[in-house]
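# Residue-level structure breakdown
Chain by chain, the residues run as shown.
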Amino acid sequence: HKYQILSLAIVWAVVHSLLFWRFGVRNMFDSAVYVRGADFLIEHGRFGDFYHLFYAVYIILLALFRWVFTDQLLPFLVFQCLVSGLAAVALYRSGSTLFQDSRAGFLSGMLYLVWWDNIHWNIAIMTESLFCSFTCFLVYFLVHFEGKRRQYYVIVFLMIFIFFIRPPGIVIILVTIGFLLQ
């Protein structure tokens, strides 16, 4: 197992290094909206627009990083990359448990890391990065679900967190509720 996690860590580092080398810090159309929302939150202590509520977790985290690191975006992007690495490990452990085979878990984590359509969001100020990563964490907790009260709290917290990162998280919430009702 330790060699598989080490391999995932190496692939994570190589993929993210290549992404930063190739694209640098990416500035997308929506990026400016989130940065302005975070800056407004820092300056006025509230959200600038009502729809920012639906991206509240992302804007709050971005504002926190911009406040601590004095308007820098790179530390937040590094944070997104690190969270993505932890999500790959969560997928690895979920796949290993679910299929009772560490190779299946390794394949799950590896697919997540080399899925360019997903992983490239880590180097842009976009909600998709944390949305995908926290969905992987939710999958981990669902795979390891034993019906304990504490697990319910964590799952509910993750569902709320995911929803307020990106509104399409409502689909994740509905599927999770369906799983829990079985």
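What counts and how
- Residues numbered from 1 in each chain as written.
- Predicted model: local features only at pLDDT ≥ 70, side-chain atom pairs only at ≥ 80, totals over all residues.
- Heavy atoms only, no water.
- Salt bridge = Lys/Arg side-chain N within 4 Å of Asp/Glu carboxyl O.
- Helix = DSSP H or I, 4+ residues; strand = E, 2+ residues; numbered from the N terminus.
- Buried < 20%, exposed > 50% of the residue type's maximum accessible area, 1.4 Å probe, protein only.
- Contact = heavy atoms within 4.5 Å.
- Phe/Tyr/Trp six-rings, centres within 6.5 Å; stacked < 30°, edge-to-face > 60°.
- Core = buried A, V, L, I, M, F, W, Y, C linked by side-chain atoms within 4.5 Å.
- Axes fitted to C-alpha atoms, helices over the stretch in contact; angles between N-to-C directions.
- Parallel < 35°, antiparallel > 145°, perpendicular 65-115°, else oblique.
- Left-handed = near helix turned anticlockwise from the far one by under 90°.
- Nonpolar A, V, L, I, M, F, W, Y, C, P; charged D, E, K, R; others polar.

### A short note on the pattern of salt bridges
Enumeration over the complete set of coordinates arrives at four salt bridges. Linking Arg66 and Asp39 is a salt bridge whose minimum nitrogen-to-oxygen distance equals 2.7 Å. In this pair, Arg66 sits in helix H3 (residues 56–68) while Asp39 sits in helix H2 (residues 29–44), placing the two residues 27 residues apart along the sequence.

### Quick word on the environment of Asp49
In this structure, Asp49 sits in the loop between H2 and H3. Overall, the relative accessible area of 40% leaves Asp49 in the partly exposed class. With twelve residues separating them along the chain, Asp49 and Gly37 place their C-alpha atoms 7.9 Å apart.

### So, unusual backbone geometry
Even without being a glycine, Gln100 presents a positive backbone phi close to 50°. Mapped onto the elements of the fold, Gln100 is located in the loop between helix H4 (74–99) and helix H5 (102–114). Residue class for Gln100 comes out exposed when judged on its relative accessible area of 74%.

### Some thoughts on the side chain of His16
Along the chain, the position of His16 falls in helix H1 (residues 2–23). The residues contacting His16, other than those within four sequence positions of it, are Cys81, Ser84, Ile119 and Asn122.

### Topic: the environment of Phe69
Position of Phe69 relative to the elements: it lies in the loop between H3 and H4. On the basis of relative accessibility, which here comes to 37%, the residue Phe69 falls in the partly exposed class.

### Remarks on the packing of aromatic side chains
Inspection of the entire model under this criterion finds 16 aromatic pairs. Each member of the aromatic cluster is reached from another via a ring pair, and the members are Tyr34, Tyr55, Tyr58, Phe65, Phe69, Phe76 and Phe79.

### Overview of the nonpolar core
Ranked by size, the top nonpolar core spans 48 residues in total, and within it Tyr34, Phe76, Tyr112, Ile125, Leu130 and Phe134 carry the most contacts. Secondary-structure elements contributing two or more residues to this core are H1, H2, H3, H4, H5, helix H7 (127–143) and helix H8 (149–163). Broken down by element, this core gets its largest block of residues, nine residues, from H4. Every residue in contact with Phe76, bar those within four places of it in the chain, is listed here: Tyr58, Leu61, Leu62, Phe65, Ile125 and Leu130.

### Describing the packing of H7 against H8
Their axes nearest at 10 Å, the elements H7 and H8 cross at an angle of 160°. Here H7 is positioned roughly antiparallel relative to H8, judged by the angle of their axes. The way H7 lies across H8 gives a crossing that is left-handed. The segment H7 lies against H8, with Phe131, Phe134, Thr135, Phe137, Leu138, Phe141 and Leu142 engaging Val154, Ile155, Leu158, Met159, Phe161 and Ile162.

### Examining the packing of H8 against helix H9 (residues 169–181)
Contact geometry for H8 and H9: axes closest at 8 Å, N-to-C directions at 160°. In terms of orientation, H8 and H9 fall into the roughly antiparallel class. Like other packed secondary-structure pairs, H8 and H9 cross with a definite hand, here left-handed. Here H8 contributes Tyr152, Ile155, Met159, Ile162 and Phe163 to the contact with H9, which in turn contributes Gly169, Ile170, Ile172, Ile173, Thr176 and Leu180. Counted by class, the contact of H8 with H9 contains nine nonpolar, two polar and no charged residues.

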